[in-house]
Each structure stands twice: as C-alpha cells, then as structure tokens.
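# An overview of the molecular structure
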Amino acid sequence: MRKIIIAGNWKMNKTIPESIELANLLKRSLYDTSEVEIVICPPFTSLSDVGEVIMDSNIKLGAQDVHWEKEGAFTGEVSCAMLKSAGCVYVIIGHSERRQYFTETNGTVNKKAKAVLKEGLRPIVCVGENLEERKKGRAFEIVKDHIVNSLSGIPNEDMLKVTIAYEPVWAIGTGVNATKDEAEEMHKYIRGLLTEMYDKELAGEVRIQYGGSVKPDNIRELISEPDVDGALVGGASLKADSFTDIVKNCL
Ligand code: PGA
C-alpha cells in the first residue's frame, strides 16, 4: 500500500517570520492527520526555523534543491549535510522552474538524486512536459527521457526512497490542472517505465505525485486514480487553510 504524500513547495516565498507563522498554523491544523504523509518545503533561509517548529509534529521538512558535492568552493550552493542538519528529510530535485531558468538538466538531476540518497535523504524527482511538447504529441517521449536519465544508475534498494512528481509544465501556476484521466494516463506510463527499469514489485511501491494547480477542490478526484499517490502543491501551499484542506480532502 502506498501512503498518500502531500508536499508543499513554497518556492521563493515567505520570509523567516512568515515561514514560522505558516508552519505553526499547519502544525495546529494538521496534528491529527497521520494517514497522509505531509511535507513542507520552505526556502533555504527558513529551513532551520521551520524545522524547529515542526520537530515533534507529523509534518516533515523538505528543501527545494541541493548541490551534489559534499562541500567546498561552490558559492551560493547548499549541501545534503547542511539540509540534514536543518532537519530536512526530503529534497525536491529537477523542478521545472530549475530546468527552465537555472540550466538544470537530467544529468544534474541524476547527480543530485544520487547524492541525496547517499546522504540518507529522500529525493522528490520532478518530471514533466511543457505545453509545446504536449501539443506536438511528445509528452510521453519527454517524460521517458526525464525518468530514464534522471534515475539512471539508482539501485533498487535506493529507488524505494524516491518519490516521483509528475508536473506538466502547462499546469503549473496556471489554474489549469491536468484532468484526472490525463494525470492517470501519465502516472500509469511512468509506473510502466519503472517496471521496465526495475521490476513490477518495486514499481508498485514507488509513489508518484501529481503537481500543477492542485487545489482543495480537485485533489480528491486526482487521488481517486489508482496511480496518483498524492500531490506536489505550489500556490495553494502558501496559505494554511488551502494546504490543510488539500490534506484533509485526502482522508
Ligand atoms: P502550483 O505549482 O501548485 O502553483 O501549480 C506546483 C509546483 O510547481 O510544484
């Protein structure tokens, strides 16, 4: 049985006081929801403080990116050990905004995923086609390229710690979510790829989240699909009410 996972990606939002406030509100509103795995991913500057707020709660901490090197002269970067020391359990890797604006490639995603797993953290690996690719009928080809090359060389035992986030770029921040059928079609395809790359049993255990304009009123139908195991939430994770409602609508 795959446990539903709802992760909030705060992106470049929230100062430290704002982050602490939101984390406190969520801790209070979500204290009784252990059937859903809940993760919040504040910006780097807030990780440590939010980590303290949620330390004894059922909410886990995640980061939005990481560097693959252990330490050294990499100005502006943050290592796995630093994230762990701030209390992180999860790390989002290969988000489409990083692929689009910060030259993230499948190659760097792969290095980051391996580093994260080696350090005992759990990667949330993002994949997904953009609008032009979907219109040209290339969505499956693009997602296959992301999956195969981002996960290349990750052994079976580590793969169990990986969460995949299917985020069609055309649905991110647009208010237009993929329909439940569109999401299921791609999630099923991804699970098929994992079956080819690993085996059926393992593919059946890996969680695949959907991301892109997830809201309290569409989460229920999205997760009603057999291969949709939760959501990576952007905009609606910035308010305590909407994020709480998304989690509660999964119960
Ligand atoms: P959104 O973002 O929920 O605002 O569409 C999702 C994401 O980018 O993870």
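Now for a description of the structure that goes with this document. As a convention, each chain's residues are numbered from 1 in the sequence order in which they are written. Local features are withheld for residues below a pLDDT of 70 in this predicted model, meaning they are given only at 70 or higher, and side-chain atom pairs are given and counted only at 80 or more; totals for whole chains, interfaces and linings count all residues. The side-chain quantities take in all heavy atoms of the structure and omit both hydrogens and water.

Every helix listed is a DSSP run of H or I at least four residues long, and every strand listed is a run of E at least two residues long, numbered separately from the N terminus. As for its position among the elements, Arg 2 is in the segment before β1 (5-9). Setting aside anything within four residues of it in sequence, one finds Arg 2 in contact with Arg 191, Gly 204, Glu 205, Val 206, Arg 207, Pro 226, Asp 227 and Asp 229. Of note is the side chain of Arg 2, whose polar atom sits 2.8 Å from the backbone oxygen of Gly 204. Among the polar contacts listed, one links the side chain of Arg 2 to the side chain of Asp 229, at a separation of 2.9 Å. What makes two residues a contact is simply this: any of their non-hydrogen atoms within 4.5 Å. Any pair of N or O atoms that falls within 3.5 Å is considered a polar contact. Within protein, one atom must be able to donate a hydrogen and the other to accept it, and sequence-neighbouring residues count only if both atoms are side-chain atoms.

A few words on unusual backbone geometry. A positive phi angle, close to 85 degrees, is found at Lys 14, a residue other than glycine. You can see Lys 14 is positioned in the loop between β1 and α1 (16-29). Of note, Thr 103 is a non-glycine position whose phi angle comes to about 50 degrees, a positive value. Exposure is judged per residue with a 1.4 Å probe applied to protein chains only, and the accessible area is read against the type maximum: over 50% gives exposed, under 20% gives buried, and values in between give partly exposed. For Thr 103, a relative accessible area of 68% corresponds to the exposed category.

Take the sheet that holds strand β2 (residues 37-41) next. What holds strands together in a sheet is hydrogen bonding between their backbones, with the strands either parallel or antiparallel. Around the barrel, which closes on itself, the eight strands sit in the order β1-β2-β3-β4-β5-β6-β7-β8 with parallel pairing between neighbours. The sheet shows a mean angle of 25 degrees between the axes of neighbouring strands, direction not considered. One ladder, built from four bridges, connects strand β6 (residues 163-166) with strand β7 (residues 207-211); its direction is parallel. Among the inter-strand pairings, Ile 164 is bridged to a residue of β7, identified as Ile 208. Note on pairing: two strands pair once DSSP finds at least 2 bridges between them. Only the stretch in contact is used when a helix axis is fitted, and all axes are lines through C-alpha atoms; the angle between N-to-C directions ranges over 0 to 180 degrees.

With their axes 8 Å apart at the nearest point, helix α5 (residues 106-118) and helix α7 (residues 139-150) run at an angle of 40 degrees to one another. In terms of axis orientation, α5 runs oblique to α7. The two elements α5 and α7 cross, and the hand of that crossing is right-handed. Here Asn 106, Val 109, Asn 110 and Ala 113 of α5 come into contact with α7, specifically with Asp 145, His 146, Asn 149 and Ser 150. What sets the label is the angle itself: under 35 degrees gives roughly parallel, over 145 gives roughly antiparallel, 65 to 115 gives roughly perpendicular, and the rest give oblique. Handedness of each helix crossing follows the sense of rotation of the near helix against the far helix: counterclockwise by less than a right angle gives left-handed, clockwise gives right-handed.

As a further point, take the environment of Val 228. By the element assignment, Val 228 lies in the loop between α11 (219-223) and β8 (230-233). Taking the relative accessible area as the measure of exposure, Val 228 reaches 2% and is therefore buried. With 15 residues separating them along the chain, Val 228 and Phe 243 place their C-alpha atoms 18 Å apart. Those residues in contact with Val 228 that sit more than four places away from it in its chain are Ile 4, Ala 183, Glu 184, His 187, Ile 208, Tyr 210, Leu 222 and Ile 223.

So yeah, pure geometry; function would need other evidence.
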